[in-house]
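Geometric and topological summary
Single-letter residue listing:
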Amino acid sequence: MTVADTGTASATRVHRRRPRILRNLASKTASIPMVATVLVIFIGCTLWTVIYSFTKSRLLPVPLFETMPLFSIPVPHLLASDGSWDFTLITGLKSSSFVGTDQYDRLWGTRRWIVSIGNLGIYGLCSMTFSLVIGFTLAALLDRKIRFENAFRTIILYPFALSFIVTGLVWQWILNPNFGIQKVVRDLGFENFVFDPLYNDKYVVYGILIAGLWQGTGLVMCLMLAGIRGIDEDIWKASRVEGIPVWKTYVMIVIPMMRPVFVTSVVIIGAGIVKVYDLVVAQTSGGPGISSQMPALYVMDKMFKDQNLAQGFAASTVMLMTVAIILIPWAYFEFGRKKNV
Amino acid sequence: MKLTTKLLAATALVGASAASATELEVTHWWTSGGEAAAVAKLAEAFNASGDTWIDGAIAGSGGTARPIIISRILGGDPMGATQLNHGRQAEELIEAGLLLDITDVAEAQGWRDIINPISLLDSCTVDGRVYCAPVNIHSWQWIWLSHKAYADAGVAMPTNWDEFVASAPALEAAGKIPLAMGQQPWQSSGAFGVIAVAIAGPDVWKAINIDKNAEVAAGPEMAKVFEAAANARAMAANSNVQDWNQATNLVITGQAGGQIMGDWAQGEFQVAGQVAGVDYECLPGLGVNEIISTGGDAFYFPVQSDPEVEAAQKRLAALLVSPEVQVSFNLAKGSLPIRGDIDMSAANDCMRKGLAILAGGNILPDGNQTLSPDTSGQIEDLMVEFWNDPNMSAADAQAQYAEIIANAD
């Protein structure tokens, strides 16, 4: 007893003597590569992109500190040798690489960008709502101890294993009026049936949404199912004793208890929404016209096809800012508060 | 023991042949039927000369392939040679010293004397040094018409744009699409350019595309062009295809009356076994202004560290311009050769029309040579929206067009 006590006491004393930064030196050393990666790749490259979005870079990034004359003023002065007047030119320099907010002015004056933002809004809102609702409903149905649960789970999760390009192509065929659903229904005898979302500029975003949901809800369902299974059996017993209907148990008791699972799902779905690119490329390439354009397509096209890096950087900076504006307050309330409690 | 000796001998053989022949990876975006047939001619000729052509075809149009090619060059993984549309696409790569200077080949072969029109070589030249080998001339200013479609509809084959517009209702009544159009942005922008040259004339085109005169772009001549394009948009309303060769296929099978497309469409008619003048008809300059733009393809050679590869790159450059390759390649591709001193007697009717216009000097530079990729991209975005949105008025589109030209560089 006494020996152990002295040991602890001396250990504490050693800790106290060391400055805070030297404590746990081994684990701090081990995390240096991770810290460096975060600083260089995540923060460094992001800052680089933001800075270069204020330049006039085209195919290649411009050198940042090139200058050009801004003004030159002749300054009269007396020559020391013979006392006559002479002029010296004083030249003011300004950076020739930076163009201020020109790239952003152009971005917000471009119809294609405005259409992209609108499309992302519709796609994002619908995708978030339907993924959560459908994912939870499927999970709750599977949770009712049905037969062949494993088989159903595999079938529903299966599309997630496909790449977006494959999903996009498959749905492009299904929604094509000459080969897909419209053709099948017309062959059944409904001659005037029209279903061609990908060829109609008003509904094309929903055509893409269908494919996105088909691919993504399986994963949400699995997350939800894991969450539902994590609920204590006793809760169910209690609710049965009280005579609460099953649906009410799910809505009023299970869902509030599954908050962490919902948070995870929202983050995963949200990341998928912001980066939506390959699905659109495979299904419509942004058409008909520009009606299914998305911000990520604009960034890619400007940076690589049109050889205007700075314009692409400006667009990606706006994307980052939008995400940050939504995410930072939410993350603060979601994660920051708990730490303080 | 015996096996080992055989293996050793085989290795020695492979080693010996590798020393004399060099492998060059060549990237390009020639993947449709007619294009693939043409690029095979280049590969055959290069292989026959002792080196090895490693084919690096990239599917999709130039818009897909160019970013891949450029990022490989920038990323330090350069290919042996690559197709690009010469003009301003490679400007910055040349300035950054990433492309091989082939001036010695050009001088040894006397390119300045044989290449016609000389503007093709000028597009390859930066500060007096030559950086690419032009291989063909492609012109946009063509409309391709289907004999079958007009016979089915019972109307005479049009001989110019006005007759084509007048015949559209008859074609529609016969269940045909008057004008086949793919949905890709470059097709929308290209077809608009053709209509502009035909209706407003080459001087207006030059004022806008070379002098970047925004007043002309907003002026009355261009207003007529936008009205004509809006009219063409209505004629193409039922054309639901994406790629240009699918649209050409509508013309080949007689489902559509015509398609505005560059002369590369000719390769598709050839692969389908169709004959110019019998199965299909071509009208340069839409039959109004017989004039062609002389854009085209050229091969660039990214800088490599290996001197043997560099020697092979220069051998390929010389080969691409040689008379035999020019004849076989251009006949297969349906494009015009870059030199006037070769025998093109095997050319068909449409190519002869093109050769005659070229010989007469009725030529324009290509949009790729006069506008930066950034400006071209903005025009493409505008045009693809205009061609696909019937609610966008001609006046609206023209106002936006004039603004792009005002800010063009």
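Described in the following lines is the structure provided in the data block. (Residues numbered from 1 in each chain as written. Chains lettered and ligands numbered in written order. Predicted model: local features only at pLDDT ≥ 70, side-chain atom pairs only at ≥ 80, totals over all residues. Heavy atoms only, no water.)

1. Thoughts on the overall build of chain B
Counting its secondary structure elements, chain B contains 21 helices and 13 strands. In terms of C-alpha radius of gyration, chain B reaches 23 Å, essentially the compact-globule figure of 22 Å for 409 residues. Along the three orthogonal principal directions, the C-alpha set of chain B runs to about 80 × 45 × 40 Å. Taking all 409 residues of chain B together, the buried fraction comes to 56%. Sequence-distant contacts in chain B: of pairs separated by 6 or more residues, those separated by 24 or more amount to 76%. Counting every atom, chain B has about 15,600 Å² of accessible surface; 53% of that belongs to carbon and sulfur. Positive and negative side-chain charges of chain B, numbering 20 and 48 respectively, have mean locations separated by a distance of 7 Å. (Helix = DSSP H or I, 4+ residues; strand = E, 2+ residues; numbered from the N terminus. Rg over C-alpha atoms; globule rule 2.2 N^0.38 Å. Buried < 20%, exposed > 50% of the residue type's maximum accessible area, 1.4 Å probe, protein only. Contact = heavy atoms within 4.5 Å. Areas by Shrake-Rupley, 256 points an atom, 1.4 Å probe, with all protein chains shown as cover. Lys, Arg positive; Asp, Glu negative; His and termini not counted. Charge placed at Lys NZ, Arg CZ, Asp CG, Glu CD.)

2. Things to note about a nonpolar patch on the surface
Residues and elements named next belong to chain A. Taken together, the side chains of M34, V35, V38, L39, V40, I41, F42, I43, L47, I51 and F98 define a hydrophobic patch exposed on the protein surface, amounting to about 1,000 Å² of accessible area. Following the sequence through the fold, L47 ends up in helix 3 (residues 32-52). On the basis of relative accessible area, L47 is assigned to the exposed category, the value being 51%. (Patch = residues over 30% accessible without salt bridge, like charges linked within 9 Å, V, L, I, M, F, W, Y side chains within 5 Å. Salt bridge = Lys/Arg side-chain N within 4 Å of Asp/Glu carboxyl O.)

3. Some remarks on empty space enclosed by the protein
Residues and elements named next belong to chain B. In this structure the tally under the stated criterion is one cavity of 30 Å³ or more. In this model, the largest cavity occupies a volume close to 30 Å³. As for the largest cavity, its lining consists of W142, D263, Q266, G334, L336, C350, M351 and G354. Counting residues per element, the lining of the largest cavity draws most heavily on helix 18 (residues 349-360), at three residues. (1 Å grid on protein atoms, 1.4 Å probe; cavity = no way out; pocket = protein on both sides within 12 Å on 5 of 7 lines; lining within 4 Å. Points joined across faces, edges and corners; volume = space filled by probe spheres on them.)

4. A few points about the interface of chain B and chain A
Accessible area lost upon the coming together of the parts is a frequently used measure of interface size. Each partner contributes residues to the interface: chain B has 24 residues there, and chain A has 18 residues. Counting the surface lost from both chain B and chain A, the interface buries some 2,000 Å², and carbon and sulfur atoms represent 48% of this. Remark: the boundary between chain B and chain A carries six salt bridges. Here A:R106 makes a salt bridge to B:D374, at a shortest N to O gap of 2.9 Å. The interface formed by chain B and chain A contains nine residue pairs in polar contact (both at pLDDT 80 or more). Tallying contributions element by element places helix 20 (residues 373-388) of chain B first for the side of chain B that touches chain A, with nine residues. Split by residue class, the side of chain B that touches chain A holds seven nonpolar, nine polar and eight charged. (Buried area = accessible area lost by both parts, 1.4 Å probe. Polar contact = N/O pair within 3.5 Å; in protein donor to acceptor, adjacent residues only side chain to side chain. Nonpolar A, V, L, I, M, F, W, Y, C, P; charged D, E, K, R; others polar.)

5. What to know about the packing of aromatic side chains
According to the stated counting rule, one finds 27 aromatic pairs over all chains in the structure shown. Both rings, one in A:W48 and one in A:F313, keep their centres 5.6 Å apart while their planes meet at 75°; by these two values the pair is edge-to-face. Linking A:W48 in helix 3 with A:F313 in helix 15 (residues 309-340), this pair joins segments that are 265 residues apart in sequence. Since its relative accessible area comes to 6%, A:F313 is described here as buried. Here the aromatic cluster, defined as three or more aromatic residues joined through ring pairs, consists of A:F136, A:W236, A:Y250 and A:F262. Seen from the ring of A:W236, A:R144 lies directly overhead, with NZ or CZ sitting 5.4 Å from the centre. One Lys or Arg, B:R233, reaches over the ring of B:F386 and ends 4.5 Å from the middle of that ring. (Phe/Tyr/Trp six-rings, centres within 6.5 Å; stacked < 30°, edge-to-face > 60°. Lys NZ or Arg CZ within 6 Å of the ring centre and 35° of its normal.)

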